[in-house]
Amino acid sequence: MQIYQGQGADRLFYEISVTNSYDYLWKNRLGCGSIVFRDSQAILEQSILPDFKNQSVRTDMRTSETYLEIAQLLTSNQEILESLKVCFETPQTYFQEHSDWYDERCIDAEDDEARLQWIGLADELLESGSFVELDRNTEREDFLYELESLVKKYKLPLQDEWLKEDGDIPLWAQTLDQEWESRGFCLAAMDIDSDSYVLFPCQVRDLSSLITLSQKVNQRFDYAKICIASRLKERVQDDFCF
């Protein structure tokens, strides 16, 4: 635990680090005065914890900073980044503000906060049109249609004849990687542990950074051709075991 003075003489803060899988960091703001000193003394000398009811929970700042680094590689839109900062630092607050998004994915406030952060990132970028989400059984025409607006943003070519009619998303992703290689782009995926795929065109150098950063928070970005193929393989194995 730490108690320290904030900016100005009228504010004190206490932080309580709780050792668990999410490294929660509890924070509370107190007004100066006899109550503060009485509470502080109780906390320090008598091990009496404050009442945390209705107080927000902040995640480990190192984790939220990593998420923010990821977001900054994906968008320069300051409004989106500010919204995501809330998501990364106080996921429960963000959940309450975007409960309809989470409801659509059958995610509730009891889910772990890492999932709230990761899905919040995905949905913000889907909502802004930076990502597309496709069903694993998406047909060729729908795949082309959904990607069309995204590739235009990066001035990337996309031609019908490149993609085999009887192919699937991993094969089409591999084809696009080959066609875009000279431009330094690929088709990337954000793994949201679902039967649907979150896809987006990405510079290869940025994807390399996204892969590394996502591993720090036990999540996954990858080339779409690799990410989706591994997901399909896992699904086949699960079906076989069942």
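Here goes a summary of the coordinates provided.

Looking now at the nonpolar core. Ile-70, Leu-74, Leu-121, Met-190 and Phe-221 are the most contacted members of the largest nonpolar core, which has 36 residues in total. Within the residue set of this core, elements represented by two or more residues are α2 (61–74), α3 (78–89), α4 (91–97), α5 (99–104), α6 (113–127), β6 (185–190), β7 (196–203) and α9 (204–216). Counting 23 residues, the second-largest nonpolar core is a separate cluster that includes Val-132, Ala-189, Ala-224 and Ile-228.

So, on to the pairing of β7. Among the eight residues of β7, seven are classified as buried, and the element is accordingly described as predominantly covered. Of the pairings in the sheet, the one linking strand β5 (residues 132–135) to β7 comprises four bridges and is antiparallel in character. Looking at the pairing, Asp-135 lines up with Ser-196 of β7. Here β6 folds back onto β7, and the loop between the two strands holds five residues, one of which, Asp-193, carries a positive phi near 55°.

As a further point, take the packing of aromatic side chains. What the rule picks out here adds up to nine aromatic pairs. An angle of 45° between the planes, with centres 5.2 Å apart, marks the rings of Phe-143 and Trp-172 as tilted. With a gap of 29 residues between them, Phe-143 in helix α7 (residues 140–153) and Trp-172 in helix α8 (residues 169–180) connect regions that are remote in the sequence. The two residues Phe-143 and Trp-172 agree in class, both being buried. Ring geometry for Phe-200 versus Phe-221: centroids 5.9 Å apart, planes at 90°, classification edge-to-face. One end of the pair, Phe-200, is in strand β7; the other, Phe-221, is in strand β8 (residues 221–223), with 21 residues separating them in the sequence.

Once that is clear, we can look at a negative patch on the surface. Among the surface-exposed residues, Asp-100, Asp-103, Glu-104, Asp-108, Glu-110 and Glu-127 lie close enough to one another that they form a single negatively charged patch. Counting residues per element, the negative patch draws most heavily on α5, at three residues. Within the secondary structure, Glu-127 sits in helix α6.

Owing to its 3.6 residues per turn, the α-helix brings residues three or four apart onto one side. With 13 residues, α9 extends 19 Å between its outermost C-alpha atoms, agreeing within 8% with the 18 Å of an ideal straight helix rising 1.5 Å per residue. All of the buried residues in α9 are Asp-206, Leu-207, Leu-210, Ile-211, Leu-213 and Ser-214.

Right, let's get into the layout of surface pockets. When its volume is computed, the second largest pocket comes out at roughly 190 Å³. Contributing to the lining of the second largest pocket are 13 residues, with Leu-73, Leu-74, Thr-75, Tyr-154 and Pro-201 lying nearest its centre. Listing elements by their share of the lining of the second largest pocket, those giving two or more residues are α2 and β7. The greatest single-element share of the lining of the second largest pocket, amounting to four residues, is contributed by β7. When the residues that make up the lining of the second largest pocket are grouped by side-chain class, the tally is eight nonpolar, three polar and two charged.

To continue, consider the packing of α7 against α8. At their nearest, the axes of α7 and α8 sit 12 Å apart, and the two run at 40° to each other. Between α7 and α8, the crossing angle belongs to the class labelled oblique. The way α7 lies across α8 gives a crossing that is right-handed. Residues Arg-140, Phe-143, Leu-147 and Val-151 of α7 form the contact with α8, whose own contacting residues are Ile-169, Trp-172, Leu-176 and Trp-180. Among the residues forming the contact of α7 with α8, the class breakdown is seven nonpolar, no polar and one charged.

Reading guide: rules and limits
- Residues numbered from 1 in each chain as written.
- Predicted model: local features only at pLDDT ≥ 70, side-chain atom pairs only at ≥ 80, totals over all residues.
- Heavy atoms only, no water.
- Core = buried A, V, L, I, M, F, W, Y, C linked by side-chain atoms within 4.5 Å.
- Buried < 20%, exposed > 50% of the residue type's maximum accessible area, 1.4 Å probe, protein only.
- Helix = DSSP H or I, 4+ residues; strand = E, 2+ residues; numbered from the N terminus.
- Pairing = 2+ DSSP bridges.
- Phe/Tyr/Trp six-rings, centres within 6.5 Å; stacked < 30°, edge-to-face > 60°.
- Patch = residues over 30% accessible without salt bridge, like charges linked within 9 Å, V, L, I, M, F, W, Y side chains within 5 Å.
- Areas by Shrake-Rupley, 256 points an atom, 1.4 Å probe, with all protein chains shown as cover.
- Salt bridge = Lys/Arg side-chain N within 4 Å of Asp/Glu carboxyl O.
- Lys, Arg positive; Asp, Glu negative; His and termini not counted.
- Charge placed at Lys NZ, Arg CZ, Asp CG, Glu CD.
- Expected span 1.5 Å × (residues − 1).
- 1 Å grid on protein atoms, 1.4 Å probe; cavity = no way out; pocket = protein on both sides within 12 Å on 5 of 7 lines; lining within 4 Å.
- Points joined across faces, edges and corners; volume = space filled by probe spheres on them.
- Nonpolar A, V, L, I, M, F, W, Y, C, P; charged D, E, K, R; others polar.
- Axes fitted to C-alpha atoms, helices over the stretch in contact; angles between N-to-C directions.
- Parallel < 35°, antiparallel > 145°, perpendicular 65-115°, else oblique.
- Left-handed = near helix turned anticlockwise from the far one by under 90°.
- Contact = heavy atoms within 4.5 Å.

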